[in-house]
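Here are the chains, one letter per residue:
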Amino acid sequence: MCPTIVRDYPEWHLGRSDYALWYIEVDQPELIQYLDEIQTRFSDLLLPKQQRQYHITLFVCGFLQPSVKQYDDDFQIQQLQQQIKLLEALPLTAFQLEITQIDSFSSALFLQIQDQQGVLAQIRQQFAQVSAEIAALEYCPHITLGLYREAWSGDRVLQRIQQLPLKSIKIQVKKLTFGYYKAQILQGLLYPYQQIELG
């Protein structure tokens, strides 16, 4: 596993502050309790609990800029307005996701999300018409549970994951949120900027 070093990353943010993304807020008490339980069980492997709220990332936009685009990973307010228009053109209603299994990236423990209706892919296609996503090549819907504090062996993490009983919990999605976090704060809070209610 790859440990996350707790530091500022100036070579990434280049003095910019607000890093923007579309996401789904996780606000169901039963699910939050379950996520907290898993996080506690793995607390010896993870960085101390961070401030960032549980969420499902929908689309990573980049550094929010009011007007002029200076770097490739800048995202302008007018691009957000275009994305919202395209989103509103979709016949979107509230939909359901489901948690499937606990899994691991090289840097983080996470909970996999299943989207049987393919709604997330539809939404992402609309966003991608406006800007290229600043993210991994393959989209994997998930809820991050924590970042690894050391380079643990993959087998050790996998064994721990396999010992955990899985719960089946449905996630009701009634709104989509565009927000940002402060790039200088590792795993800092998400601040909502615009929300789209789903009928």
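A brief structural summary.

About the thresholds
- Residues numbered from 1 in each chain as written.
- Predicted model: local features only at pLDDT ≥ 70, side-chain atom pairs only at ≥ 80, totals over all residues.
- Heavy atoms only, no water.
- Helix = DSSP H or I, 4+ residues; strand = E, 2+ residues; numbered from the N terminus.
- Rg over C-alpha atoms; globule rule 2.2 N^0.38 Å.
- Contact = heavy atoms within 4.5 Å.
- Areas by Shrake-Rupley, 256 points an atom, 1.4 Å probe, with all protein chains shown as cover.
- Phe/Tyr/Trp six-rings, centres within 6.5 Å; stacked < 30°, edge-to-face > 60°.
- Buried < 20%, exposed > 50% of the residue type's maximum accessible area, 1.4 Å probe, protein only.
- Lys NZ or Arg CZ within 6 Å of the ring centre and 35° of its normal.
- Arc of directions from axis to C-beta.
- Salt bridge = Lys/Arg side-chain N within 4 Å of Asp/Glu carboxyl O.
- Core = buried A, V, L, I, M, F, W, Y, C linked by side-chain atoms within 4.5 Å.

The secondary structure content of the protein amounts to five helices and nine strands. In the protein, the succession of α and β elements from N to C terminus is α-β-α-β-β-α-β-β-α-β-α-β-β-β. Computed over C-alpha atoms, the radius of gyration of the protein comes to 17 Å, within 12% of the 16 Å expected from 2.2 N^0.38 for 199 residues, which places it in the range of a compact globule. By its C-alpha atoms, the protein is 45 × 40 × 25 Å across when sized along the principal axes. The long-range share in the protein, meaning contacts at least 24 apart out of those at least 6 apart in sequence, stands at 79%. Carbon together with sulfur atoms contributes 50% to the accessible area of the protein, which is approximately 10600 Å² in total.

Turning our attention to the packing of aromatic side chains. All told, the structure shown has 11 aromatic pairs when counted by the stated rule. Considering the side-chain rings of W22 and F178, the 5.4 Å spacing of their centres and the 65° angle between planes classify their relative orientation as edge-to-face. Placement of W22 in strand β1 (residues 18–25) and of F178 in strand β8 (residues 175–182) is noted, with a sequence separation of 156 residues between them. Take W22: its relative accessible area is 0%, and that puts it in the buried class. Owing to a relative accessible area of 0%, F178 belongs among the buried residues under this scheme. Summarising the aromatic geometry, the rings of F75 and F178 are spaced 5.9 Å apart at their centres and angled 35° between planes, so their arrangement reads as tilted. Separated by 103 residues along the polypeptide, F75 in strand β3 (residues 74–76) and F178 in strand β8 bring together distant segments of the chain. The two residues F75 and F178 agree in class, both being buried. Among the aromatic side chains, those forming a connected cluster through ring pairs are W22, F59, F75, F127, F178 and Y193. Directly above the ring of F42 sits R160, whose terminal nitrogen or CZ lies 5.2 Å from the centroid.

What follows is about helix α5 (residues 154–162). Restricting attention to buried positions, one finds in α5 the residues V157, R160 and I161. Buried residues of α5, seen end-on, are gathered within an arc of 100° and therefore sit on one face of the element. Exposed side chains of α5 directed beyond 90 degrees from the buried face belong to D155, Q159 and Q162. Considering only its buried residues, α5 is in contact with α2 (29–41), β4 (95–104) and β5 (108–114).

Let us now look at the pattern of salt bridges. As a working rule, side chains carrying opposite charge can pair if their charged atoms are close by. Counted according to the given criterion, the structure contains eight salt bridges. Two residues, K175 and E25, come together in a salt bridge whose shortest N-O distance is 3.5 Å. Of the two residues, K175 sits in strand β8 while E25 sits in strand β1, which places them 150 residues apart along the sequence. Shared partners join several salt bridges into a network, and the residues in it are R16, D73 and D74.

W22, F95, I123, I143 and L176 are the most contacted members of the largest nonpolar core, which has 50 residues in total. No other element matches strand β2 (residues 55–65), which puts five residues into this core.

We now examine unusual backbone geometry. Here L14, not a glycine, exhibits a phi torsion of approximately 50°, which is positive. Along the polypeptide, L14 turns up in the loop between α1 (10–13) and β1. Overall, L14 belongs to the partly exposed group, its relative accessible area being 42%. Not every positive phi belongs to a glycine, and Q187 is a case in point at roughly 55°. Counting through the fold element by element, Q187 comes out in the loop between β8 and β9 (191–197).

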